[in-house]
Amino acid sequence: MNPFDTHEIHNQVAPFGNVNLFRCDPALCEAVAREGDAGASDGLAALGEMLGRAEILDLARQANRHSPQLHNFDRNGRRIDEIEFHPAWHALMKMLIEYGAHASPWDGREAGGQVLRAARYILFGQLENGSQCPVTMTYASVPALKQSPALAERWLPKILSREYDPRPLPMERKRGVLIGMGMTEKQGGSDVRSNTSFAEAVSAAEAERVFGEEGAQVYRIVGHKWFFSAPQCDAHLVLAQTEHGGSAGLSCFLLPRFLPDGSHNQIRVQRLKDKLGNRSNASSEVEFTGAYGWLLGKPGRGIPTILEMGSHTRLDCVLGSTGIMRAALTQAVHHARQRRAFGKPLAEQPLMRNVLADLALESEAATVFAMRLARCFDHPDDPAETMLARILTPAGKYWICKRGPGFGAEAMEVLGGGGYVEDGPLARLYREFPVNSIWEGSGNVMCLDVLRAFSRSPDGAIALAAELGLAGAGNTVYSQFCSVLLAELAGLANTARAAVDGGGTASDALHKAADAEFGARLLAERIVLAVQAGLLLRHAPAYVSSAFVASRLAREPGGAYGRLPPDTDCAAILARALQA
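Being a predicted model, the structure only gives us computed values, none of them experimental.

A. Focus on the overall build of the protein chain. Helices and strands together make up the secondary structure of the protein chain, namely 20 helices and eleven strands. By the compact-globule yardstick of 25 Å for 580 residues, the protein chain fits well, its C-alpha radius of gyration being 25 Å. Overall, the C-alpha framework of the protein chain stretches about 80 × 80 × 45 Å when taken along its three principal axes. Classification of the 580 residues of the protein chain by burial places 56% in the buried group.

B. Representation of the environment of Ser 263 in the model. Take Ser 263: it is sitting in the loop between strand S7 (250-256) and strand S8 (267-272). By relative accessible area, which is 29% here, Ser 263 ends up partly exposed. Considering only alpha carbons, one finds Ser 263 and Pro 170, 93 residues apart in sequence, at a separation of 8.3 Å. Of note is the side chain of Ser 263, whose polar atom sits 2.7 Å from the side chain of Asp 261.

C. Representation of the state of the cysteines. Using the criterion set out here, one finds zero disulfides in the structure. There is no disulfide at Cys 401, and the cysteine sulfur nearest it, in Cys 317, is 5.3 Å away. In this structure Cys 447 is a free cysteine whose sulfur lies 11 Å from that of Cys 401, the closest cysteine sulfur available.

D. Region of the structure containing helix H10 (residues 350-377). Relative to the 40 Å expected for 28 residues at 1.5 Å per residue, H10 spans 41 Å between its end C-alpha atoms, a close match to the ideal helical length. With 24 of 28 residues buried, H10 lies mostly within the body of the structure.

E. Here's a closer look at the pairing of strand S9 (residues 283-296). Within S9, twelve of the 14 residues are buried, which leaves the element mostly enclosed by the surrounding structure. Where strand S5 (residues 218-229) and S9 come together, ten bridges link them in antiparallel fashion. Among the inter-strand pairings, Tyr 219 is bridged to a residue of S9, identified as Gly 293. Examined bridge by bridge, S7 and S9 share three bridges and lie antiparallel to one another. Paired with Cys 252 across the two strands is Leu 296, which belongs to S9. As paired elements, S8 and S9 share five bridges and run antiparallel to each other. Residue pairing in the sheet places Leu 272 in a bridge with Ser 284 of S9.

F. Here's a closer look at helix H18 (residues 520-539). Between its first and last C-alpha atoms H18 spans 29 Å; for 20 residues at 1.5 Å apiece the expected length is 28 Å, and the two agree. By the criterion of burial, H18 is predominantly enclosed, with 15 of the 20 residues buried.

G. Molecular detail of the nonpolar core. Counting residues in hydrophobic clusters, the biggest one holds 167 residues, and the most contacted among them are Leu 51, Trp 155, Leu 237, Leu 464 and Ile 527. Element by element, the count of residues in this core is highest for H10, at 17 residues. Sequence-distant contacts of Trp 155, that is, excluding residues within four places in its chain, are made with Met 171, Val 177, Ile 179, Asp 234, Ala 235, Leu 254, Pro 256 and Trp 294.

H. Highlighting the pairing of S5. Relative to S5, strand S3 (residues 179-182) runs antiparallel, the two being bridged by two bridges. What sits directly across from Met 181, in S5, is Ser 229. Bridging between strand S4 (residues 198-201) and S5 involves four bridges; their strand directions are antiparallel. Across the sheet, the residue bridging to Ala 201 is Tyr 219, located in S5.

I. Molecular detail of the packing of aromatic side chains. Scanning all chains against the criterion turns up ten aromatic pairs. Taking 5.8 Å as the distance between ring centres and 80° as the angle between the ring planes, the aromatic pair formed by Phe 407 and Tyr 561 counts as edge-to-face. You can see Phe 407 sitting in helix H11 (residues 383-415) and its partner Tyr 561 sitting in the loop between helix H19 (542-553) and helix H20 (570-577), a full 154 residues away along the chain. Using a relative accessible area of 0% as the deciding quantity, one classes Phe 407 as buried. Its relative accessible area of 6% is what places Tyr 561 among the buried residues. One aromatic cluster in this structure is built from Trp 155, Phe 211, Tyr 292 and Trp 294. The aromatic ring of Trp 294 is capped on one face by Arg 154, whose charged end is 5.4 Å from the ring centroid. For the cation-ring pair, Arg 526 lies above Phe 481, with the distance from its terminal atom to the ring centre recorded as 5.8 Å.

J. Inspection of the environment of Leu 388 at higher detail. With respect to the helices and strands, Leu 388 occurs in helix H11. Look at Leu 388 and you get buried, because its relative accessible area is 2%. Separated by 44 residues in the primary sequence, Leu 388 and Glu 432 have C-alpha atoms spaced 28 Å apart.

K. A look at the pattern of salt bridges. What the rule picks out here adds up to 36 salt bridges. A salt bridge links Arg 23 to Asp 42; the nearest nitrogen and oxygen atoms lie 3.5 Å apart. Linking Arg 23 in the segment before helix H1 (26-35) with Asp 42 in helix H2 (residues 41-51), this pair joins segments that are 19 residues apart in sequence. Residue Asp 42 is classed as exposed on the basis of its relative accessible area, which comes to 58%. Overlapping salt bridges, with partners in common, bring together Arg 314, Arg 390, Asp 449 and Arg 452 in one network.

L. Unusual backbone geometry, seen in detail. Here the phi dihedral of Asn 11 falls at roughly 60°; this positive angle occurs in a residue that is not glycine. Following the sequence through the fold, Asn 11 ends up in the segment before H1. Here Asn 11 falls in the partly exposed class, since its relative accessible area comes to 27%. Phi is positive for Asn 18, close to 55°, though the residue is something other than glycine. By secondary structure assignment, the location of Asn 18 is in the segment before H1.

M. Region of the structure containing the side chain of Ser 551. With respect to the element layout, Ser 551 can be found in helix H19. The exposure class assigned to Ser 551 is buried, which follows from its relative accessible area of 3%. Setting aside residues up to four positions removed in sequence, Ser 551 forms contacts with Leu 361, Glu 556, Pro 557, Leu 564 and Pro 565.

N. Region of interest: the packing of helix H5 (residues 113-125) against helix H6 (residues 132-145). Viewed as axis vectors pointing N to C, H5 and H6 meet at an angle of 165°, and their least axial separation amounts to 12 Å. As summarised for this structure, H5 and H6 are arranged roughly antiparallel, according to the angle between their axes. Where H5 crosses over H6, the handedness of that crossing is left-handed. Taken together, the residues of H6 that come into contact with H5 (itself represented by Gln 114, Arg 117, Tyr 121, Phe 124 and Gly 125) are Gln 132, Val 135, Thr 136 and Tyr 139. Looking at the contact of H5 with H6, its residues break down into four nonpolar, four polar and one charged.

Analysis parameters
Residues numbered from 1 in each chain as written. Predicted model: local features only at pLDDT ≥ 70, side-chain atom pairs only at ≥ 80, totals over all residues. Heavy atoms only, no water. Helix = DSSP H or I, 4+ residues; strand = E, 2+ residues; numbered from the N terminus. Rg over C-alpha atoms; globule rule 2.2 N^0.38 Å. Buried < 20%, exposed > 50% of the residue type's maximum accessible area, 1.4 Å probe, protein only. Polar contact = N/O pair within 3.5 Å; in protein donor to acceptor, adjacent residues only side chain to side chain. Disulfide = S-S within 2.5 Å. Expected span 1.5 Å × (residues − 1). Pairing = 2+ DSSP bridges. Core = buried A, V, L, I, M, F, W, Y, C linked by side-chain atoms within 4.5 Å. Contact = heavy atoms within 4.5 Å. Phe/Tyr/Trp six-rings, centres within 6.5 Å; stacked < 30°, edge-to-face > 60°. Lys NZ or Arg CZ within 6 Å of the ring centre and 35° of its normal. Salt bridge = Lys/Arg side-chain N within 4 Å of Asp/Glu carboxyl O. Axes fitted to C-alpha atoms, helices over the stretch in contact; angles between N-to-C directions. Parallel < 35°, antiparallel > 145°, perpendicular 65-115°, else oblique. Left-handed = near helix turned anticlockwise from the far one by under 90°. Nonpolar A, V, L, I, M, F, W, Y, C, P; charged D, E, K, R; others polar.

Here it is, written out as structure tokens:
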């Protein structure tokens with residue numbers, strides 16, 4: 001040691017990397033085999049090995065350190081509204097597209113496509129999250145586009161392509177395309193019915209002049225969007241009014257970025273959002289100054305049309321939060337196994353084991369829930385699975401996404417000051433968590449959607465009861481928890497039925513509805529906890545399921561981690577959490 005050096009470097013943890021992200025996660029491996037296809041494990045293991053390489057993991061750091069830049073004009077003053085990305089972004093996007101994260105369930109290449117895509121999405125979620133945004137919107141656009149067969153025929157081949165083509169060109173000249181969306185406006189946010197953007201049908205002659213044979217149902221739109229996601233995408237789904245005063249209801253439109261002659265559509269990017277997280281991805285504010293777009297679906301039915309997209313984007317919010325949880329957990333466990341404090345590794349300190357095991361339970365519960373939800377989407381012709389998806393998608397988006405920020409903060413605290421700085425990934429992961437709660441409907445919107453699902457059909461409670469009943473009655477706490485929950489849902493159904501049948505006064509119905517709305521968050525939370533517990537009781541080791549039930553059903557989950565009962569087998573939980 002040099003005499004002028006003040007200290008030696010020791011007791012430092014090697015960066016997490018060169019790990020197979022799939023093989024080290026038993027909960028995900030088991031869920032793929034159970035919910036999808038056990039034969040897909042080798043392909044997922046190959047993906048997990050690639051994504052876990054140190055140089056691939058570093059792409060996330062680069063893409064977020066060098067955020068996208070907006071260039072409104074070229075050197076000669078022409079309006080171009082181009083977004084410049086770091087090469088790391090393009091490398092990430094290329095991987096996502098090549099592995100079909102944007103479209104694989106729709107191309108018919110594999111059975112159980114939603115489950116297998118969900119597994120890939122969770123793995124990619126452990127790498128980088130901003131690049132998942134345009135991928136999710138492209139994936140979710142397919143059901144909406146299919147409502148207009150002519151548009152679907154033209155656009156789907158390019159959407160389903162496994163080639164990433166970022167060139168700023170008209171769709172006809174590209175090898176693959178991406179789809180974005182723009183729903184919210186300054187005055188409304190989630191209240192999209194208050195949108196003021198206005199679409200007016202163009203003459204047949206003008207439509208033919210601009211689009212040739214593709215000129216059917218063309219409109220020009222004037223207005224704005226407060227959040228216009230991924231302005232570099234090749235087209236966007238937007239909502240606009242077609243009658244002044246909004247009496248006809250909102251309609252949905254597909255706006256191409258470029259017109260067939262190569263000119264820019266009149267979509268003017270005002271600025272990129274300076275966001276808390278998701279910094280690798282471009283989100284923007286735009287104005288439409290007579291932008292051309294095709295009507296998608298029926299006039300005045302824009303919200304039902306876009307809901308075809310919304311259910312799939314909400315699924316990805318669940319998957320995305322699950323992936324970020326897993327990434328934060330692996331960083332924390334990896335650190336605690338190597339870092340020593342007070343005479344032994346952190347992972348052997350009793351209170352730290354409680355915290356880490358609690359995080360591991362949360363992550364595994366999110367994984368089994370997310371994968372079970374994905375299986376619902378694989379069976380759109382099964383009424384029970386469709387009804388279950390109708391309930392669990394908004395409930396899961398609320399609860400799992402809501403648990404994310406606290407989870408990220410706790411994982412960061414395991415590393416202490418080293419987790420708080422930007423040298424490692426935990427600060428970035430922590431910033432990524434909130435967007436999944438906010439985007440595509442905030443927590444309150446999701447919980448109200450859960451209430452709507454039960455109020456509109458008694459099949460919701462029946463489907464949920466059937467799912468919960470699969471765990472049997474072996475665990476008394478679980479059985480009692482489910483009984484209370486199902487009784488509450490029966491009460492909601494009776495209230496809705498009485499309102500329909502006229503069994504109560506309008507005032508009574510209004511008060512009961514307000515009471516249900518007031519408690520909607522707790523109801524959504526309990527639905528997700530019950531489903532998670534049931535899945536763990538059926539499929540996880542007893543030391544996992546018993547600890548989850550004792551810490552989440554026997555008492556309130558609480559706002560902090562590290563509250564597990566004394567008889568919890570933390571050693572076994574942590575050994576399972578990150579396998580070598």
